[in-house]
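The residues making up each chain are set out below.
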Amino acid sequence: MRYNKIRKMDIANGPGIRVSVFFQGCAFHCKNCFNPDTWDFDGGSEFGDEQIEEIINLAKEDHIKGLSILGGEPMHPKNIEATTRLAKRFKEVYPNKTIWSWSGFLFDEYIKKQEVVNYIDVIVDGQFVDELRNPNLKWRGSSNQRVIDVKKSLKENKVILYEE
Ligand code: SF4
């Protein structure tokens, strides 16, 4: 499992100031993807316990509201084990900070069946569709994508969108 970069302070991906990690590897190859440098599963650097603890340490201050996990594709079968380990550890240490993640997979078809949903608060799902691109959308690039409240969706067994 590999990663592209870790940002100490990210104000663009989720509410408030956050730590973010961009994993490496995505098989979707959406037209005009915002981050094609992350497609190669062999690119970037190795991601392991050292990076997880670095992220935990970066998030310790009160002004850091949570962790954002992006890609690449954090939910790809090659990456999901590390995503799960990171999210689980983060929630153990910071139960009151939120975890947001972005995935090209659909929540109801794939993501909700994965262990990682137990630790994630919000998932923005769906591939980027260039024809549906809209720069005015918040947290997502194209109108097919959904900003999903994971806990409410699991409880009610249907997709509930996140409301600020
Ligand atoms: S799913 Fe995301 S990272 Fe992957 S190609 Fe599409 S926009 Fe790029």
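About the criteria used
- Residues numbered from 1 in each chain as written.
- Predicted model: local features only at pLDDT ≥ 70, side-chain atom pairs only at ≥ 80, totals over all residues.
- Heavy atoms only, no water.
- Helix = DSSP H or I, 4+ residues; strand = E, 2+ residues; numbered from the N terminus.
- Contact = heavy atoms within 4.5 Å.
- Polar contact = N/O pair within 3.5 Å; in protein donor to acceptor, adjacent residues only side chain to side chain.
- Salt bridge = Lys/Arg side-chain N within 4 Å of Asp/Glu carboxyl O.
- Buried < 20%, exposed > 50% of the residue type's maximum accessible area, 1.4 Å probe, protein only.
- Pairing = 2+ DSSP bridges.
- Axes fitted to C-alpha atoms, helices over the stretch in contact; angles between N-to-C directions.
- Arc of directions from axis to C-beta.
- Expected span 1.5 Å × (residues − 1).

**Comments concerning the environment of K97**
- Mapped onto the elements of the fold, K97 is located in the loop between α2 (80-93) and β5 (98-103).
- Sequence separation between K97 and L86 is eleven residues, and the spatial gap between their C-alpha atoms is 14 Å.
- If we skip the residues at most four places from it in the chain, K97 touches A59, K60, E61, D62, I64, K65, G66, F90, K91 and D121.
- A distance of 2.8 Å separates a polar side-chain atom of K97 from the backbone oxygen of E61.

**Quick look at the pattern of salt bridges**
- Counted under the stated rule, the structure contains eleven salt bridges.
- A salt bridge links R89 to E53; the shortest N-O distance between them is 2.8 Å. Of this pair, R89 sits in helix α2 while E53 sits in helix α1 (residues 49-58), and the two are 36 residues apart along the sequence.
- Since its relative accessible area comes to 30%, R89 is described here as partly exposed.
- Here E53 falls in the partly exposed class, since its relative accessible area comes to 36%.
- Close ionic contact of R146 with D125 constitutes a salt bridge, the shortest N to O distance being 2.6 Å. Note that R146 is positioned in strand β7 (residues 146-149) and D125 in strand β6 (residues 122-125), a separation of 21 residues in sequence.
- Linked by salt bridges that have partners in common, D49, E81 and R85 make up one network.

**A few points about the sheet that holds β7**
- Strand order in the open sheet formed by seven strands is β3-β1-β2-β4-β5-β6-β7, and the pairing between neighbours is mixed. This sheet does not close on itself; its edge strands, each paired only once, are β3 (45-46) and β7.
- Sheet topology places strand β1 (residues 2-10) next to strand β2 (residues 17-23); five bridges connect them, and they run antiparallel. The residue of β2 that forms the bridge with K5 is F22.
- Contacts between α1 and the sheet are confined to β1, β2, β3 and β4 (64-70), with β1 contributing the most and set at about 10 degrees to the helix.
- In the packing of α2 onto the sheet, the strands contacted are β2, β4 and β5, and the crossing angle to β4 comes to about 170 degrees.

**Looking at α1**
- For α1, the complete set of buried residues consists of Q51, I52, I55 and I56. The arc enclosing the buried residues of α1, seen along the axis, measures out at 145 degrees, which places them on a common side. Exposed and facing more than 90 degrees away from the buried side of α1 are D49 and E50.
- Its buried side turned inward, α1 meets β1, β2, β3, β4 and α2.

**Things to note about α2**
- Between its terminal C-alpha atoms α2 stretches 20 Å, which fits the 20 Å expected from 14 residues at 1.5 Å a residue.
- Three or more residues of α2 are buried, namely I80, A82, T83, T84, L86, A87, F90 and K91.
- Buried residues in α2 make contact with β2, α1, β4 and β5.

By themselves, these are just geometric observations and shouldn't be taken as functional.
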